[in-house]
Amino acid sequence: MNSLPISTDDSPPFVLELIYRLKIKDVMTTTLVTSRRSDSLRDIQAQMKKHSITGVPVTEGNRLLGMVSMDDIIRALDAGYIQRRAEEYMTRNLIVLEDDMPLSFGISYLEKYSFGRFPVLNKEKELVGILTSRDVIVALLIEINKEAEKLEREFSAQREESHPDGIRREFATRKFDFENAGKPSSEIKRLLKERHLDGKLIRRVAVAAYELEMNQVVHSVGGKLLFTLDRERIVITATDQGPGIPDIDQAMTEGYSTATEWVRSLGFGAGMGLPNAKRVSDSFSVESSTHGTVVTATIFIHGTESQRNTNDHI
Amino acid sequence: MIISELETRLGYRCVQSAYNDAPLAAGYTSDLLSDVMAHAEEGSVLVTIQAHRNAIAVASMTGIAAMVVCNSRPLPDDMMEAARDEHIAVFLTDKNQFTVSGEIYGKISTQ
């Protein structure tokens, strides 16, 4: 009846990330219609009608005592006790949510129990809101709309160019889009294979591209990967729109990571991304502010300048 | 040993057979894909329980030729599709990473 078509463990990564990131308090209704224990069920029926709602919490101050639902009212009308006080007939055994819980809890509760609404309490056990399936649907729609808008902007910004003696190609990456992660790097690898470049070189470029790509997918709000190739070098420039790296030295330290548990369970987020990318690059730079991060990895096709100079001497 | 011998000699079930059969000189065992990126050798076999399409992407970028998925972990369709596209052999076994690593190591080091 109140079933939501959202699985809390089997949905696309974007939806999973969303329902774990959003808290109950971001989604719940906070303008509450409440009644007192001494109110009659008739009063509550009038409240329901006036505000078009199907359940009213009974409170004393900020403390939740019980709930009166539309079913309780119908039962009272049937049995003729509609004039009696709320405290006599309200449901006292309540299943409540905490405002700090992730939205996924709210969705599971709506699935598991037959209630149409759940009172939400804060840490001090005060009633702070009500969560209905409508609240969940509205919040998800808003977030999914935002994402769709962003996608459209990014797709229109994608460009591709090719020159006779070089390649320039741009790829968009999206936050938590693990389904498409790896496609830009595969494409870069394919382009290099087509040019019959050395296998070791291709592997270095592929590792750098993939690590920078995964970094954007895992940590940034989204960004782009620019790949250029000319006779001398391959440059991968990873530019994102934020949130930025607070401490670059820390981020460059192997083992340091800010990735979530979920990302770690996939085998990423071990704090090796930037160090790995740097290791395979001939030159490597990171610039970051809260507006975004630019990582540039350069790999020389015929070895580094110093390697070439050494070769010249031989 | 060659890739196909993972099935014929060690009994791991081949679940993705669109690959070029080639000699295996090295292997790497890890569930940490960033670690695999950093250390696995080209043309090696990866022993892991990470069964999802990003594991195939990592294998492809590092040039890993074959993967043995341990503990009979379920293999998602999109992972198998990616493995076919990348010609990476995938084998499945109910044994764990420790046992599989030992078995493969024994075969590679005694050849």
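Before going further, it helps to spend a moment on helix α4 (residues 77–86) of chain B. Residues and elements named next belong to chain B. All of the buried residues along α4 are Met-79, Met-80, Ala-82 and Ala-83. Along the axis of α4, the buried residues cluster in a sector spanning 160°; they form a single face. For α4, the exposed residues lying more than 90 degrees away from the buried face are Asp-77 and Asp-85. Those residues of α4 that are buried lie in contact with β1 (13–16), α3 (53–62), β4 (66–69) and β5 (89–92). Of the residues trailing α4, His-87 is marked for its positive phi of about 55°.

Residue and element names in this part refer to chain A. In total, this model carries 10 aromatic pairs over all chains according to the counting rule given. Taking the centre distance of 5.6 Å and the plane angle of 75° together, the rings of Tyr-109 and Tyr-113 count as edge-to-face. Residue class for Tyr-109 comes out buried when judged on its relative accessible area of 18%. Here Phe-178 and Trp-262 contribute two aromatic rings whose centre-to-centre distance is 5.5 Å and whose plane-to-plane angle is 90°, an arrangement assigned as edge-to-face. Placement of the pair is Phe-178 in the loop between β7 (166–174) and α8 (183–194) and Trp-262 in helix α11 (residues 261–265), with a sequence separation of 84 residues. On the basis of relative accessible area, Phe-178 is assigned to the buried category, the value being 4%. Aromatic ring contacts, followed pair by pair, group Phe-176, Phe-178, Tyr-210, Trp-262 and Phe-268 into a single cluster.

All names here are of chain A. Mapped onto the fold, Ser-257 is located in the loop between α10 (248–251) and α11. Ser-257 sits in the buried class, given a relative accessible area of 19%. Within the structure, the side chain of Ser-257 is placed 3.1 Å from the backbone nitrogen of Ala-259, a separation counted as a polar contact.

Residues and elements named next belong to chain A. The tally for this structure, following the rule as stated, stands at 23 salt bridges over all chains. The partner of Glu-147 in a salt bridge is Arg-174, with the nearest N and O atoms 2.6 Å apart. Of this pair, Glu-147 sits in helix α7 (residues 133–157) while Arg-174 sits in strand β7, and the two are 27 residues apart along the sequence. Grouping residues by exposure puts Glu-147 and Arg-174 together as buried. In this structure, Arg-233 engages Glu-232 in a salt bridge whose closest nitrogen and oxygen atoms are separated by 2.8 Å. For Arg-233, a relative accessible area of 29% puts it in the partly exposed group. Classification of Glu-232 as partly exposed rests on a relative accessible area of 45%.

A word on the interface of chain A and chain B. A common way to report how large an interface is uses the accessible area buried once the components associate. Tallying the contact residues gives 23 residues for chain A and 21 residues for chain B. Buried area between chain A and chain B, summed over both chains or domains, comes out near 1700 Å², and the portion from carbon and sulfur atoms is 53%. Taken as a group, Arg203(A), Tyr210(A) and Met272(A) account for 30% of the area that chain A buries against chain B, more than any other trio of residues on that side. Linking chain A to chain B there are zero salt bridges. Counting across the chain A and chain B interface gives 12 residue pairs in polar contact (both at pLDDT 80 or more). Counting residues per element, the side of chain A that touches chain B draws most heavily on helix α9 (residues 199–219) of chain A, at six residues. Its residues assigned to classes, the side of chain A that touches chain B comprises nine nonpolar, eight polar and six charged.

This part covers the nonpolar core. Residues and elements named next belong to chain A. Counting residues in each nonpolar core, the largest one holds 62 residues, and the members touching the most others are Phe-178, Leu-212, Phe-227 and Phe-268. Residue contributions to this core peak at 12 residues, all from α9. Apart from residues lying up to four places away in sequence, Leu-212 is in contact with Leu-225, Ile-236, Ala-238, Leu-274, Ala-277, Val-295 and Ala-297. Leu-4, Leu-16, Tyr-109 and Leu-131 belong to the second largest nonpolar core, which has 23 residues in total.

Turning our eyes to something else, we now look at the confidence of the model for chain B. Mean pLDDT over chain B works out to 94, with 98% of the residues at or above the 70 mark. Interface confidence for the predicted complex, expressed as ipTM, amounts to 0.80; the pTM equals 0.61.

Angle between the axes and distance between the axes: these two values describe a pair of packed helices. Residue and element names in this part refer to chain A. The geometry of helix α3 (residues 41–51) relative to helix α4 (residues 70–79) is characterised by a closest axis approach of 10 Å and an angle of 130° between their N-to-C directions. As far as their axial angle goes, α4 and α3 are oblique. Seen along the crossing, α3 lies across α4 with a hand that is left-handed. Contacts between α3 and α4 involve Leu-41, Arg-42, Ile-44, Gln-45 and Met-48 on the former and, on the latter, Met-70, Ile-73, Ala-76 and Leu-77. By residue class, the composition of the contact of α3 with α4 is seven nonpolar, one polar and one charged.

Residues and elements named next belong to chain A. Sheet architecture is open: three strands sit in the order β3-β4-β5, paired in mixed fashion. The sheet terminates laterally at β3 (97–98) and β5 (127–132), the two strands that pair on one side only. When strand β4 (residues 117–121) meets β5, the two strands line up antiparallel, connected through five bridges. Following the sheet pairing, Val-120 is matched in β5 by Gly-129.

Residues and elements named next belong to chain A. Look at the link from Gly-242 to Pro-243: it is a cis peptide, with omega at 10°. With respect to the helices, strands and loops of the structure, Pro-243 is situated in the loop between β9 (233–240) and α10. One non-glycine residue, Lys-125, adopts positive backbone phi at about 65°. For Lys-125, the location among the structural elements is in the loop between β4 and β5. The class of Lys-125 is exposed, set by a relative accessible area of 51%.

Criteria and thresholds
Residues numbered from 1 in each chain as written. Chains lettered and ligands numbered in written order. Predicted model: local features only at pLDDT ≥ 70, side-chain atom pairs only at ≥ 80, totals over all residues. Heavy atoms only, no water. Buried < 20%, exposed > 50% of the residue type's maximum accessible area, 1.4 Å probe, protein only. Helix = DSSP H or I, 4+ residues; strand = E, 2+ residues; numbered from the N terminus. Arc of directions from axis to C-beta. Contact = heavy atoms within 4.5 Å. Phe/Tyr/Trp six-rings, centres within 6.5 Å; stacked < 30°, edge-to-face > 60°. Polar contact = N/O pair within 3.5 Å; in protein donor to acceptor, adjacent residues only side chain to side chain. Salt bridge = Lys/Arg side-chain N within 4 Å of Asp/Glu carboxyl O. Buried area = accessible area lost by both parts, 1.4 Å probe. Nonpolar A, V, L, I, M, F, W, Y, C, P; charged D, E, K, R; others polar. Core = buried A, V, L, I, M, F, W, Y, C linked by side-chain atoms within 4.5 Å. pLDDT = per-residue confidence, 0-100. Axes fitted to C-alpha atoms, helices over the stretch in contact; angles between N-to-C directions. Parallel < 35°, antiparallel > 145°, perpendicular 65-115°, else oblique. Left-handed = near helix turned anticlockwise from the far one by under 90°. Pairing = 2+ DSSP bridges.

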